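Listed here are the chains, written in short residue letters.
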Amino acid sequence: MSARARLSGRRHHTLWFWLFVGPFALGLGVFTYIPLLWSVYLSFFDAHNTVTPDPARDFVGLGNYAEMLSDGAFTDSLLTFLVFSLFIVPATFALSLALALMVNRLRRAQAFFRSVFFLPAACSYVVAALIWKLSIFNGVRFGLANTLLGYVDADSIAWLSTTDPPWYWLAIVTVRLWLQAGFFMILFLAGLQRINPQLYEAAAVDGARPGWQVFRHITFPQLRATSVAVALLLVINAFQAFDEFYNLLSDSRGYPPYARPPLVYLYYTALGQGQNLGMGSAGAVLLAVLIAVVTIGQARWFGLGRKDA
């Protein structure tokens, strides 16, 4: 029997499985699960400038969690997330659904427009944030936004440093909207293409008018499962916002005291001047628990996983 025949036997299936999956599983464990577990471990210690605290001397129990929950800066960061999600979640949901509906109705060049709208999703958040900061919402008269204002004889605006009114939200929301609308458009397109065309034919026979009436009573209800998944992913992504905030608002002087989402706050707590890795880890654990609770709550509220979903 040849070596090829011996290796293709049933008893070697497990060997081939671990040959292909093993490197990925090893990398996932070393670079993801072990750091996560170590972060939970650090959250119970006074770990200043070290990732290997002395268990006998530095153990503080739940002290880091209590201090984090009583820290006004941390609660303010959660408020920043709330404001950000109130802007970005409905805006991205509506825009991606509108793009999906338009692309789905195209008879020609559908693949082209699908690729064009999806292309920003492949762009780095850091690169996009720097383009927005240096080219569009620059605080001088050379930025695109201020150039357009100059055409109507309006004064230039320091978009990223004006807090009354908070114009920086316009830059933050638009860059995230541009980056992720195409990805969620693809999800909605997949949902639209799963709708049985006979439903529209039956609606036409029953006298349903095309447009809003058909969308309200047929299209959108058939997209229920996709809509719930998109809403969940948008909220989770909003919790994890970091790159656009940090690269848009920070400068040589550091990060301003306003508009600090949770990850930016934890970044400065763990890697800032004090390098309090214990506090940072406790905040990260609290944030992970909060994301899990919100996600499960949303899923239960929307009825995700029910047979009629």
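Rules of the game
- Residues numbered from 1 in each chain as written.
- Predicted model: local features only at pLDDT ≥ 70, side-chain atom pairs only at ≥ 80, totals over all residues.
- Heavy atoms only, no water.
- Helix = DSSP H or I, 4+ residues; strand = E, 2+ residues; numbered from the N terminus.
- Rg over C-alpha atoms; globule rule 2.2 N^0.38 Å.
- Contact = heavy atoms within 4.5 Å.
- Areas by Shrake-Rupley, 256 points an atom, 1.4 Å probe, with all protein chains shown as cover.
- Lys, Arg positive; Asp, Glu negative; His and termini not counted.
- Charge placed at Lys NZ, Arg CZ, Asp CG, Glu CD.
- Polar contact = N/O pair within 3.5 Å; in protein donor to acceptor, adjacent residues only side chain to side chain.
- Phe/Tyr/Trp six-rings, centres within 6.5 Å; stacked < 30°, edge-to-face > 60°.
- 1 Å grid on protein atoms, 1.4 Å probe; cavity = no way out; pocket = protein on both sides within 12 Å on 5 of 7 lines; lining within 4 Å.
- Points joined across faces, edges and corners; volume = space filled by probe spheres on them.
- Nonpolar A, V, L, I, M, F, W, Y, C, P; charged D, E, K, R; others polar.
- Axes fitted to C-alpha atoms, helices over the stretch in contact; angles between N-to-C directions.
- Parallel < 35°, antiparallel > 145°, perpendicular 65-115°, else oblique.
- Left-handed = near helix turned anticlockwise from the far one by under 90°.
- Core = buried A, V, L, I, M, F, W, Y, C linked by side-chain atoms within 4.5 Å.
- Buried < 20%, exposed > 50% of the residue type's maximum accessible area, 1.4 Å probe, protein only.
- Salt bridge = Lys/Arg side-chain N within 4 Å of Asp/Glu carboxyl O.

## A look at the overall build of the protein chain
When helices and strands are tallied, the protein chain shows 15 helices and zero strands. In summary, the protein chain has a C-alpha radius of gyration of 25 Å against a globular reference of 19 Å for 309 residues, an excess of more than 25%. Once the C-alpha set of the protein chain is aligned to its principal axes, its extents read approximately 85 × 75 × 40 Å. For the protein chain, the proportion of contacts with a sequence separation of at least 24, taken over those separated by at least 6, is 66%. When the accessible surface of the protein chain is split by element, carbon and sulfur atoms take 65% of a total near 18800 Å². Side-chain charges of the protein chain comprise 21 positive and 15 negative groups, with the mean position of each set lying 21 Å from the other.

## Side note on the side chain of Thr 162
By secondary structure assignment, the location of Thr 162 is in the loop between helix 8 (144-151) and helix 9 (168-193). Polar side-chain contacts of Thr 162 include one of 2.7 Å to the backbone oxygen of Ala 158. The contact partners of Thr 162, leaving out residues within four places of it in the chain, are Ile 157, Trp 167 and Tyr 168.

## So, the packing of aromatic side chains
Scanning the model with the defined rule gives 27 aromatic pairs in all. Ring centres 4.7 Å apart and planes at 45° place the aromatic pair Tyr 41 and Phe 45 in the tilted group. An angle of 50° between the planes, with centres 5.7 Å apart, marks the rings of Phe 44 and Tyr 65 as tilted. Of this pair, Phe 44 sits in the loop between helix 2 (13-42) and helix 3 (55-58) while Tyr 65 sits in helix 4 (residues 63-69); the two residues are 21 residues apart in sequence, bridging distant segments of the chain.

## Let's talk about the layout of surface pockets
Taken as a whole, the largest pocket holds about 450 Å³ of empty space. What lines the largest pocket is a set of 14 residues, among which Asn 104, Arg 105, Tyr 200, Val 214 and Thr 219 lie closest to the centre. Listed by contribution, the elements that provide at least two residues to the lining of the largest pocket are helix 5 (72-105), helix 10 (197-205) and helix 11 (212-222). When the residues that make up the lining of the largest pocket are grouped by side-chain class, the tally is nine nonpolar, three polar and two charged. Its volume calculated, the second largest pocket comes out at about 270 Å³.

## A word on the packing of helix 10 against helix 11
Remark: helix 10 packs on helix 11, axes separated minimally by 11 Å, with the N-to-C direction vectors making an angle of 160°. By the angle between their axes, helix 10 is roughly antiparallel relative to helix 11. In this structure, helix 10 meets helix 11 at a crossing whose hand is right-handed. Contacts between helix 10 and helix 11 involve Leu 199, Tyr 200 and Ala 203 from the first element and Val 214, Ile 218, Thr 219 and Gln 222 from the second. For the contact of helix 10 with helix 11, the class distribution of residues is five nonpolar, two polar and no charged.

## Topic: the nonpolar core
Membership of the largest hydrophobic core comes to 59 residues, with the highest contact counts inside it found for Phe 84, Ile 172, Phe 245, Leu 248 and Leu 249. Sort the elements by how many residues they give to this core and helix 9 lands first, with 13 residues.

## A short note on the pattern of salt bridges
According to the stated counting rule, one finds three salt bridges in the structure shown. One salt bridge in this structure joins Arg 57 and Asp 58, with 3.2 Å as the shortest N-O distance.

None of the figures reported here should be taken as evidence of function without further support.
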